[in-house]
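Residue-level structure breakdown
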Amino acid sequence: MGNLCSSCFSPKSVRQKKKRTASKRLPNSSSGGGAGGGGLPAGSSNRWSRMRSSRKEKVQDALIHEQAVAAAILFQQHQRNGGSLPFDRSASLRFPAGPKKNSLPRSSSSRARSLTDPLLQPQQLVNQRFKLNELIGLGGNIYMFIAIESKNDVKLDDLESNHFVLVHGGGFGAWCWYKTIALLEDCGFTVAAVDLTGSGIHSFDTNNITSLSQYVKPLTDFLEKLADGEKVILVGHDFGGACISYVMELFPSKVSKAVFVAAAMLTSGQSTLDMFSQKGDSNEMMRQAQIFLYANGKNNPPTAIDLDKSLMKDLLFNQSPTKDIALASVSMRPMPFMPVLEKLSLSDKYGSVRRFYIETPEDNALPVSVQESMINSSPPERVFRLKGADHSPFFSKPQALHKLLVEISKLPST
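So, here is what we can say about the structure in this document. The model shown is predicted, which means the values in this text are computed figures rather than measured ones.

Procedures and definitions
Numbers given for residues are sequential positions, taken from 1 along each chain in its written order. Local features are withheld for residues below a pLDDT of 70 in this predicted model, meaning they are given only at 70 or higher, and side-chain atom pairs are given and counted only at 80 or more; totals for whole chains, interfaces and linings count all residues. Hydrogens and waters are ignored; side-chain quantities use all the structure's heavy atoms. Every helix listed is a DSSP run of H or I at least four residues long, and every strand listed is a run of E at least two residues long, numbered separately from the N terminus. Remark: exposure states derive from per-residue accessible area (1.4 Å probe, protein chains only) relative to the maximum for the residue type, with buried under 20%, exposed over 50%, and partly exposed in between. In what follows, residue pairs with any heavy atoms lying within 4.5 Å of each other are defined as contacts. To measure how exposed things are, a 1.4 Å probe is used in the Shrake-Rupley method; for residues, cover is taken only from the protein chains shown. At least two bridges found by DSSP between two strands are what make those strands a pair. A patch consists of residues whose relative accessible area exceeds 30% and which take part in no salt bridge; residues with like charges are grouped when within 9 Å of each other, and nonpolar side chains (Val, Leu, Ile, Met, Phe, Trp, Tyr) when within 5 Å. Salt bridges, as used here, are contacts in which a Lys or Arg side-chain nitrogen is within 4 Å of a carboxyl oxygen on Asp or Glu. Only the stretch in contact is used when fitting a helix axis, every axis being a line fitted to C-alpha atoms; angles between N-to-C directions are given from 0 to 180 degrees. Each angle is binned into one of four classes, with values under 35 degrees roughly parallel, values over 145 roughly antiparallel, values of 65 to 115 roughly perpendicular, and all other values oblique. Throughout, a crossing is termed right-handed when the near helix is turned clockwise from the far one, and left-handed when it is turned anticlockwise from it by less than a right angle. Side-chain rings of Phe, Tyr and Trp, where Trp is taken by its six-membered ring, are said to pair if the distance between their centres is within 6.5 Å; with planes under 30 degrees apart they count as stacked, over 60 as edge-to-face, and otherwise as tilted.

Concerning the overall build of the protein
Along its length, the protein carries 16 helices and 11 strands. Out of the 414 residues in the protein, the part that is buried amounts to 45%. Long-range pairs, those at least 24 residues apart, make up 69% of the contacts in the protein between residues at least 6 apart in sequence. Entry remark: accessible area of the protein is about 21200 Å², with carbon and sulfur atoms responsible for 53%.

Written out as structure tokens, the structure reads:
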């Protein structure tokens, strides 16, 4: 653009000469090619401006396209519901992210966003109603209804409990819940993640744990200290399912709901080892990965179970981000063996607590066949399936898991 006038009024040979001259000046930072002598001709600056403008327009176009798709789906939902029912949060509808300053906290994951990871703000996940009452123009004679939020009809203070207690699985620690903790706290929930005995940063030697009561003592201590009338939502993962079952029997009045996430959900008289033994062919990878530790000598029963780190990714994290796998590889500890053998004694106290199960279909450590066997043996109130989740959904599907936990928290008593 800087040579527009000369190109209109000068001979062709002159135009070519000027073009060559300009190209020679580009690498010379001392030339007076810009207003401040920066070496770039004014035409180059204009081209950069046009490129930036073009990129911005493309981003805006993509955002408009996402809005149109979301609005179209919402409009179809609205028609199917006769225009009067609230939007069903379990339908996995996505909304485009808002302004960057209000966006969801980004995880450490380097993977591309999955379709099962919602783009909703955390605060929007608490029950809201939507109305289709704004018609916007999208250009090119295209118009679309979009959803406008109305006020919340369920507030955190109105829930039976807004306090989550997260219980890790065997070998894990409270550290594995770091994404879930951040997302729930952003919603205003109170969250506690407990290190069971010999796990995470708890310094006790795993080999010296001889009973389930000893293993879950940090959790029982926590529940004992709750104020009178205070209730929590227990969330157990993996062997943590047996642990929350144990404390549900002890403190049924202090547990509002219990959520089993790819977890051992046992019946009375059953041990975690019994549960795994039911589907022997389903756990070949688990058997290959297990390393039994014999702190009391090979002539005595094992004292703990460790995992072969070369098989850990395929067993526990086959859909998880590399950074989270690296975190787990330096943080996981052996799990005690004796609690795995202990049979639970469960009564109507345990049965009085509302139970929910979250299935993980891509799970290699606790295959879906085993999960469904436990569900059929002791049916919970509701079963959710976390599509695309491996055995560690707090890594592989953190936002989708968060959405389900919030949804469960607001389910009213039946």
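Quick word on the pairing of strand S11 (residues 382–385)
Where strand S10 (residues 354–359) and S11 come together, 4 bridges link them in parallel fashion. Residue pairing across strands places Ile-358 opposite Phe-384, the latter belonging to S11.

Section: a nonpolar patch on the surface
Residues Leu-273, Met-338 and Leu-341 make up a contiguous nonpolar surface patch of roughly 210 Å² in combined accessible area. For Leu-273, the position within the fold is in helix H8 (residues 272–277). Overall, the relative accessible area of 37% leaves Leu-273 in the partly exposed class.

With respect to unusual backbone geometry
The phi dihedral of Asp-238 is positive, around 60 degrees, even though this residue is not glycine. Within the fold, Asp-238 resides in strand S5 (residues 232–238). The phi dihedral of Ala-262 is positive, around 45 degrees, even though this residue is not glycine. Its location among the elements puts Ala-262 in strand S6 (residues 255–263).

Some points on the pattern of salt bridges
Counted according to the given criterion, the structure contains 9 salt bridges. In this structure, Glu-284 engages Arg-287 in a salt bridge whose closest nitrogen and oxygen atoms are separated by 2.8 Å. You can see Glu-284 and its partner Arg-287 sitting in helix H9 (residues 284–289), 3 residues apart, about one turn around the helix. On the basis of relative accessibility, which here comes to 41%, the residue Glu-284 falls in the partly exposed class. Given the relative accessible area of 42%, Arg-287 is considered partly exposed. For Glu-359, the salt bridge goes to Arg-385, with nearest N and O atoms at 2.9 Å. Here Glu-359, found in strand S10, pairs with Arg-385, found in strand S11; they are 26 residues apart in sequence, far enough to count as distant. Overlapping salt bridges bring together Glu-359, Glu-372 and Arg-385 as one network.

Let's talk about the packing of helix H4 (residues 178–186) against helix H16 (residues 398–409)
Packing of H4 against H16 leaves a shortest axis separation of 10 Å and a crossing angle of 50 degrees. Viewed along their axes, H4 and H16 adopt a mutual orientation that is oblique. In this structure, the crossing between H4 and H16 has a hand that is right-handed. In this structure, H4 contributes Lys-179, Thr-180, Leu-183 and Leu-184 to the contact, and H16 contributes Pro-398, Gln-399, Leu-401, His-402, Leu-405 and Val-406.

Some points on the sheet that holds strand S7 (residues 290–293)
Taken together, 3 strands build an open sheet; the order of strands is S7-S8-S9 and the sheet is antiparallel. Both edges of this open sheet fall to S7 and strand S9 (335–336), since each of them pairs with a single strand only. As paired elements, S7 and strand S8 (residues 304–307) share 4 bridges and run antiparallel to each other. What sits directly across from Gln-290, in S8, is Leu-307.

Here's the deal with the packing of aromatic side chains
Taken as a whole and judged by the stated rule, the model has 11 aromatic pairs. Measuring from centroid to centroid gives 5.8 Å for Phe-172 and Phe-394, while their planes differ by 80 degrees, and the two rings are edge-to-face. Note that Phe-172 is positioned in the loop between strand S3 (163–167) and H4 and Phe-394 in helix H15 (residues 393–396), a separation of 222 residues in sequence. Of the two residues, Phe-172 and Phe-394, neither departs from the other in class, the shared state being buried. With a centroid separation of 5.0 Å and 85 degrees between ring planes, the pair formed by Phe-394 and Phe-395 is classed as edge-to-face. The structure contains a cluster of three or more aromatic residues connected by ring pairs, namely Phe-172, Trp-175, Trp-177, Tyr-178, Phe-317, Phe-394 and Phe-395.

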